[in-house]
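Structural description and commentary
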Amino acid sequence: MKRESGILLPITSLPSPYGIGCFSKEAYQFIDQLKQAGQSYWQILPLGPTSYGDSPYQSFSTFAGNPYFISLEDLIEEGVLTKEECDEADFGKKADSIDYAKIYKARFPLLRKAYERSRITENDGFLKFQSENRWWLGDYALFMAVKSRFGEKAWTEWAEDIRLRYPNAMDYYRRELYFDIEFHEYLQFKFIEQWRKLKAHANSQGIRIIGDIPIYVSMDSADAWANPQLFQLDGENRPLAVAGCPPDGFSATGQLWGNPLYRWDYHRDTGYQWWISRLAYCYQLYDVVRIDHFRGFDEYFSIPADAETAIGGHWEAGPGIQLFQAVNRALGEKEIIAEDLGYVTDSVRRLVADCGYPGMKVLEFAFDSRDSGSASDYLPHNYPENCVVYTGTHDNETISGWFQSIKPEERRLARDYLCDHSTSDKKLHLSFISLAMRSKARMCIIPLQDYFGLSNKARINTPSTVGKNWKWRLVPGQLSEEMLELIAKTTRLYGRWNWQ
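A quick note: this is a predicted structure, and the numbers were derived from the prediction, not measured.

Here we come to the sheet that holds strand β8 (residues 314–317). The strand order β5-β4-β7-β8 describes an open sheet built from four strands, whose pairing is antiparallel. Every interior strand has two partners, whereas the edge strands, β5 (255–260) and β8, have only one. The sheet shows a mean angle of 50° between the axes of neighbouring strands, direction not considered. Relative to strand β7 (residues 299–304), strand β4 (residues 241–245) is paired through three bridges, and the arrangement is antiparallel.

One finds W42, W195, F294, F297, F432 and L448 to be the most contacted residues of the largest nonpolar core, which totals 161 residues. In terms of residues, this core owes the most to one element, helix α9 (residues 178–204), which gives 10 residues. Those residues in contact with L448 that sit more than four places away from it in its chain are I7, L8, L9, F30, L474, L479 and I487.

So, on to the layout of surface pockets. In this structure, the second largest pocket spans a volume of roughly 590 Å³. Lining of the second largest pocket is provided by 26 residues; of these, F60, Y68, Y104, F108 and E152 occupy positions nearest its centre. Those elements that place two or more of their residues in the lining of the second largest pocket are α4 (100–118), α6 (134–149) and α9. The class makeup of the residues in the lining of the second largest pocket is 14 nonpolar, six polar and six charged.

In this section: the sheet that holds strand β10 (residues 359–362). Taken together, eight strands build an open sheet; the order of strands is β9-β6-β3-β2-β1-β12-β11-β10 and the sheet is parallel. One side of each edge strand has no neighbouring strand; the edge strands of this open sheet are β9 (336–338) and β10. For this sheet, the mean inter-axis angle between neighbouring strands, taken without regard to orientation, is 25°. Relative to strand β11 (residues 387–390), β10 runs parallel, the two sharing four bridges. Bridged to V362 within β11 is Y390. Each of β1 (4–8) and β2 (41–43) touches helix α1 (residues 25–36); the most contacted strand, β2, lies at about 135° to it.

Per the stated rule, a full pass over the model turns up 50 aromatic pairs. Pairing F365 with Y378 gives two aromatic rings, centres 5.2 Å apart and planes at 85°, and the pair type is edge-to-face. With a gap of 13 residues between them, F365 in the loop between β10 and α15 (372–375) and Y378 in the loop between α15 and β11 connect regions that are remote in the sequence. Look at Y378 and you get buried, because its relative accessible area is 6%. Directly above the ring of W315 sits R295, whose terminal nitrogen or CZ lies 4.0 Å from the centroid. Residue placement shows R492 over the ring face of W497; its charged tip is 4.3 Å from the ring centre.

Within this structure, the stated rule accounts for 30 salt bridges. A salt bridge links K199 to D287, with the nearest nitrogen and oxygen atoms 3.0 Å apart. Here K199, found in helix α9, pairs with D287, found in the loop between α12 (273–285) and β6 (288–291); they are 88 residues apart in sequence, far enough to count as distant. Each of the two residues, K199 as well as D287, counts as buried. In this structure, a network of salt bridges that share partners links the residues K2, E4 and R442.

Here we take up the environment of D212. Positionally, D212 belongs in strand β3 (residues 208–213). Its relative accessible area of 2% is what places D212 among the buried residues. D212 sits 124 residues away from I336 along the chain, and the two C-alpha atoms are 9.7 Å apart. The residues touching D212, leaving out its near neighbours within four places in the chain, are I44, L45, P46, Y57, Y286, R290, D292 and H394. At 2.7 Å, the side chain of D212 and the side chain of Y57 are in polar contact. Here R290 takes part through its side chain, which lies 2.7 Å from a polar atom of the side chain of D212.

Within helix α13 (residues 321–331), burial applies to L323, F324, A326 and V327. The buried residues of α13 occupy one face: seen down the axis, they fall within an arc of 155°. Lining the buried residues of α13 we find α11 (264–269), α12, β6 and α14 (346–355). Looking one or two places after α13, you find G332, whose phi comes out positive at around 85°.

Our next topic: unusual backbone geometry. Phi angles above zero are rare outside glycine, and E152 is one such case at about 70°. Tracing the backbone through its elements, the reader meets E152 in the loop between α6 and α7 (160–163). We classify E152 as partly exposed; its relative accessible area is 36%. The residue S464 is not glycine, and still its phi comes out positive at about 70°.

Moving on, we come to the pairing of strand β12 (residues 443–447). In terms of burial, β12 is a largely internal element, five of the five residues being buried. For β1 and β12, the ladder comprises five bridges, and the chain directions are parallel. Residue pairing for β12: E4 is matched across the bridge by M443. In this structure, β11 lies alongside β12, joined through three bridges in parallel fashion. Across the sheet, the residue bridging to V388 is M443, located in β12.

A complete count under the given rule lists zero disulfides for this structure. No disulfide involves C86; its nearest neighbouring cysteine sulfur is the one of C22, lying 10 Å away. Since its relative accessible area comes to 1%, C86 is described here as buried.

Criteria and thresholds
- Residues numbered from 1 in each chain as written.
- Predicted model: local features only at pLDDT ≥ 70, side-chain atom pairs only at ≥ 80, totals over all residues.
- Heavy atoms only, no water.
- Pairing = 2+ DSSP bridges.
- Helix = DSSP H or I, 4+ residues; strand = E, 2+ residues; numbered from the N terminus.
- Axes fitted to C-alpha atoms, helices over the stretch in contact; angles between N-to-C directions.
- Core = buried A, V, L, I, M, F, W, Y, C linked by side-chain atoms within 4.5 Å.
- Buried < 20%, exposed > 50% of the residue type's maximum accessible area, 1.4 Å probe, protein only.
- Contact = heavy atoms within 4.5 Å.
- 1 Å grid on protein atoms, 1.4 Å probe; cavity = no way out; pocket = protein on both sides within 12 Å on 5 of 7 lines; lining within 4 Å.
- Points joined across faces, edges and corners; volume = space filled by probe spheres on them.
- Nonpolar A, V, L, I, M, F, W, Y, C, P; charged D, E, K, R; others polar.
- Phe/Tyr/Trp six-rings, centres within 6.5 Å; stacked < 30°, edge-to-face > 60°.
- Lys NZ or Arg CZ within 6 Å of the ring centre and 35° of its normal.
- Salt bridge = Lys/Arg side-chain N within 4 Å of Asp/Glu carboxyl O.
- Polar contact = N/O pair within 3.5 Å; in protein donor to acceptor, adjacent residues only side chain to side chain.
- Arc of directions from axis to C-beta.
- Disulfide = S-S within 2.5 Å.

Written out as structure tokens, the structure reads:
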């Protein structure tokens, strides 16, 4: 197998002059820097429009793109916005952090101006986009327009006629909110237009995009509103049970995610058509797809919808290999990374092996004294070739922050394994990166923060918390020539250089 490496960096974390990373020139520059450093992959987080909490794993749609990623500079070049209008908007003052409240208040008025000046209905590309994507776009745009009409409330709190999609109500809101609906369709057109151009540039440089999709959709999403038959909902389209994780050593009450669970018998009876459509669309956007919480396809944790914690939940059987056999028949062999972290049973291991997908290995899990049996799976000498190794993921501490937070005996074990008791704590992140890079894992992905040795102030997400996540950003010039050379040197040394 060819040895390869890449960098994990959310789109949001790119530098840009307008408060949040997007499809601007800085994204193109980052791709060129990946090429310069010999990388083969850029792994990103889900691209969907985010809701309360700003998590890309709780989106208003599994198909739509986040309007925050639309480059305002491109709209200025098109002549639908002026530089003065963009410069006058308040997107927040911190170059290294995202102020989502200010982004929300400033960006959408600008995007609305761009739409109103665009004469978009005269654009043949837009009309083609509408026609080709009507199967999801119409419901999504209507969902967003109605959501605004109801003061951004969740669709489960809308008036009954539109909540339950009565035909007369659907017709009424389509007429009443015509231009609001078209505005959201315009945003999706600009998103996909700009993203395809950026991805084409990446592929031309030999950089492949690893996309990320959550196994579940948000309850407050166009997916759940428009397709209630896919989910475990009652006659009023309210959830019967929701997703989460059981109590463990990290959380005494488990995790209550709140996503609606799938009605897997319905999916089986329809030949898993919704999943086939979902993944087919993903491969229009990405080269490789990482599926979050892969173990949920083997067994999923079901929690009563009215529960306040995950304590009362139980495991139920998922679709297993049948789903992926149906996907393979419809789409052919596709590159998928199975996020098989957490509590992994023998049946989950068999499912990943039977699918043939690479699983994930996280170095931070290798020295956990609370679970030495499971930890051994993450020690590099136990890796199979067909896996993807990370120092940490977007849900973990930075490697430097993690090393400072673990127990003294765990730090000693890690240094023993590294055969390194002399490197200072401030430089030890490079030793962990080297450990991951020299493993026999076919693919190695390093969060960019770990190359810098940043503390947990640069952490992307702390699960089960709200308000402080998804905010970290690179500042202009931070990814210097010296850092690129360090990444390049490490990549060459361990045989992972992209020669394309």
